[in-house]
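This is what each chain is made of:
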Amino acid sequence: MNSIHDFRKGGPKITMLTCYDYWSARLLNDSPVDCILVGDSSAMVMHGYPDTISATTELIALHTRAVKLGAPDRFVIGDMPFLTFNGSLDRAMDCVLKLMQAGAQAVKLEGAHTELVRHLVRSGVPVMGHLGLTPQSVHALGGFKVQAKTEAAAQKLLEDALALQEAGCFALVLECVPTPVAENLTRSLEIPTIGIGAGPHCDGQVLVLQDMLGGQTHFKPRFVRQYADLAGTIKQAVHAFVEDVRQQAFPTLEESYK
Ligand code: KIV
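All values reported here derive from a predicted model rather than from experimental measurement.

> Help me understand the site of the ligand in this model?
Taken together, Thr18, Leu37, Gly39, Asp40, Ser41, Asp79, Lys108, His130, Val173, Glu175, Ile196 and Val208 form the complete shell of residues around the ligand. Residue aspartate 40 places a side-chain N or O atom 3.0 Å away from an oxygen atom belonging to the ligand. With respect to the ligand, the side chain of aspartate 79 contributes an N or O atom lying 3.2 Å from an oxygen atom. Against a free-state accessible area of 260 Å², the protein chains account for coverage of 95% of the ligand.

This is the structure we're talking about:
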């Protein structure tokens, strides 16, 4: 997947993973995953903050640069951090400039900021929307909770999604909404939906890389499938290294310079 024109409905499901660093990006560049999101979840996963509010433009730009260097063949989307897109236009444009100059080919922003999306799209910036659970609004939402559970909320979600589509978004992340809501919304949109905790009917799926690799032992939401036990593998390897050094089994002469 090399451009927004490859984000289509009706074909193979779109696959997206988050990535924040050069090392993992190199691995993803050699994988079949379609695109990479440099998410503001980096604030939590890489920096230990309790939510995504602490992510800054500089932080996402730094991660984006590293990811693009590691994954030059992947479509990279940079996440616009909290309050960079709902204050002044100058601030939003400064953020977009920094993310795209760092290597992002598109930006993602949370919420139905249709005027800004329209302006960005007219300026040549591909925009991915993000509705449902928008983690930057965690305090306004009262926690990380499933959204659109009432008929009225589901209707509002649909209206927002249609408005974002009309404003020019090329795809939409749908986070933590009931499966029938995501299904109906996906059917109603011409642009593809990429779900996380939104059931199987979306046009694609996204997961946080460290979650799907089993790298986070303290955090396992219902919608995450762990495809590996990275935490277990790392623990085992570190134990083996410590044991080998203490037993003087590492390094051997073969592993040393003569
Ligand atoms: O920042 C992030 O990881 C995201 C995904 C959850 C979609 O926005």
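> I tried to follow the pairing of strand β8 (residues 204-207) on my own but got confused; where do I start?
Strand residues, when the strand is regular, have side chains that alternate between the two faces of the sheet. The pairing of strand β1 (residues 14-18) with β8 spans 4 bridges and is classified as parallel. Along β8, the bridge assignment pairs isoleucine 14 with glycine 204. Pairing between strand β7 (residues 193-196) and β8: 2 bridges, direction parallel. In the strand pairing of β8, isoleucine 194 is matched with glycine 204.

> Looking at this structure, I do not really get the packing of aromatic side chains. What am I missing?
To describe a pair of aromatic rings, you give the distance between the ring centres and the angle between the ring planes. Counting across every chain of the model gives 4 aromatic pairs. Consider the rings of phenylalanine 7 and phenylalanine 170, whose centres lie 4.9 Å apart with planes at 70 degrees: the pair is edge-to-face. Of this pair, phenylalanine 7 sits in the segment before β1 while phenylalanine 170 is found in the loop between α7 (151-167) and β6 (171-175), placing the two residues 163 residues apart along the sequence. Phenylalanine 170 sits in the buried class, given a relative accessible area of 8%. Relative to phenylalanine 170, the ring of phenylalanine 75 lies with its centre 6.1 Å away and its plane at 80 degrees, an arrangement referred to as edge-to-face. Here phenylalanine 170 lies in the loop between α7 and β6 and phenylalanine 75 lies in strand β3 (residues 75-79), a separation of 95 residues in the sequence. These aromatic residues form a ring-pair network of at least three members: Phe7, Phe75 and Phe170.

> Explain helix α10 (residues 230-246) here, please?
Side chains of residues three or four places apart in an α-helix project in the same direction, reflecting 3.6 residues per turn. The end-to-end C-alpha separation of α10 is 24 Å, in line with the 24 Å expected for 17 residues at 1.5 Å each. Where α10 terminates, the next one or two residues include glutamine 248, which has phi positive at roughly 60 degrees.

> Is there a simple way to explain helix α1 (residues 22-29) in this structure?
Among the residues making up α1, those that are buried are Ser24, Ala25, Leu28 and Asn29. Relative to the axis of α1, the buried residues are bounded by an arc of 145 degrees and lie together on one face. The exposed set on the far side of α1, more than 90 degrees from its buried face, consists of Trp23 and Leu27. Packing partners of the buried residues in α1 comprise β1, β2 (35-38), α3 (57-70) and α9 (209-212). Sitting at the head of α1, aspartate 21 places a side-chain oxygen 3.1 Å from the backbone nitrogen of tryptophan 23.

> I keep staring at the nonpolar core and nothing clicks. Help me out?
Across soluble globular proteins, nonpolar side chains have a tendency to be buried as a group. Counting residues in each nonpolar core, the largest one holds 53 residues, and the members touching the most others are Met80 and Leu174. A total of 6 residues in this core trace back to one element, the largest contributor, which is α7. Excluding residues that lie within four positions of it along the chain, leucine 174 makes contacts with Leu131, Leu157, Ala182, Leu185, Thr193, Ile194, Gly195, Ile196, Ala198 and Cys202.

> For this particular structure, what's the right way to read the layout of surface pockets?
Reported here for the second largest pocket is a volume of approximately 320 Å³. Where the lining of the second largest pocket is concerned, the elements lending two or more residues are β5 (127-132) and α7. Take the lining of the second largest pocket: its biggest share by element is 4 residues, from α7. When grouped by side-chain class, the residues that make up the lining of the second largest pocket number 9 nonpolar, 8 polar and 3 charged.

> I'm lost on a negative patch on the surface in this one. Help?
A contiguous patch of negative charge on the surface is contributed by Glu243, Asp244, Glu254 and Glu255. Locating glutamate 255 in the fold gives a position in the segment after α10.

> Could you clarify how one ought to interpret the pattern of salt bridges in this entry?
Here the idea is simple: oppositely charged side chains can pair when their charged atoms come close. Evaluation of the coordinates by the stated rule reveals 8 salt bridges. Salt-bridge contacts for aspartate 203 lead to lysine 9; the nearest nitrogen and oxygen are separated by 2.8 Å. Within this pair, whereas aspartate 203 is found in the loop between β7 and β8, its partner lysine 9 is found in the segment before β1, the two being separated by 194 residues in sequence. Residue classification places lysine 9 among the partly exposed positions, given a relative accessible area of 28%. Beyond isolated ion pairs, a larger network of salt bridges with shared partners links Glu58, Asp94 and Lys98.

> Help me understand the environment of isoleucine 194 in this model?
Its place among the elements puts isoleucine 194 in strand β7. For isoleucine 194, a relative accessible area of 0% translates into the label buried. Taking the C-alpha atoms as reference points, isoleucine 194 and leucine 162, separated by 32 residues in sequence, lie 15 Å from one another. Those residues in contact with isoleucine 194, other than ones at most four positions away along the chain, are Phe7, Ile14, Met16, Met128, Leu172, Val173, Leu174, Cys202, Gly204, Gln205 and Val206.

Cut-offs and rules
Residues numbered from 1 in each chain as written. Predicted model: local features only at pLDDT ≥ 70, side-chain atom pairs only at ≥ 80, totals over all residues. Heavy atoms only, no water. Near = heavy atom within 4 Å. Polar contact = N/O pair within 3.5 Å; in protein donor to acceptor, adjacent residues only side chain to side chain. Areas by Shrake-Rupley, 256 points an atom, 1.4 Å probe, with all protein chains shown as cover. Pairing = 2+ DSSP bridges. Helix = DSSP H or I, 4+ residues; strand = E, 2+ residues; numbered from the N terminus. Phe/Tyr/Trp six-rings, centres within 6.5 Å; stacked < 30°, edge-to-face > 60°. Buried < 20%, exposed > 50% of the residue type's maximum accessible area, 1.4 Å probe, protein only. Expected span 1.5 Å × (residues − 1). Arc of directions from axis to C-beta. Contact = heavy atoms within 4.5 Å. Core = buried A, V, L, I, M, F, W, Y, C linked by side-chain atoms within 4.5 Å. 1 Å grid on protein atoms, 1.4 Å probe; cavity = no way out; pocket = protein on both sides within 12 Å on 5 of 7 lines; lining within 4 Å. Points joined across faces, edges and corners; volume = space filled by probe spheres on them. Nonpolar A, V, L, I, M, F, W, Y, C, P; charged D, E, K, R; others polar. Patch = residues over 30% accessible without salt bridge, like charges linked within 9 Å, V, L, I, M, F, W, Y side chains within 5 Å. Salt bridge = Lys/Arg side-chain N within 4 Å of Asp/Glu carboxyl O. Lys, Arg positive; Asp, Glu negative; His and termini not counted. Charge placed at Lys NZ, Arg CZ, Asp CG, Glu CD.

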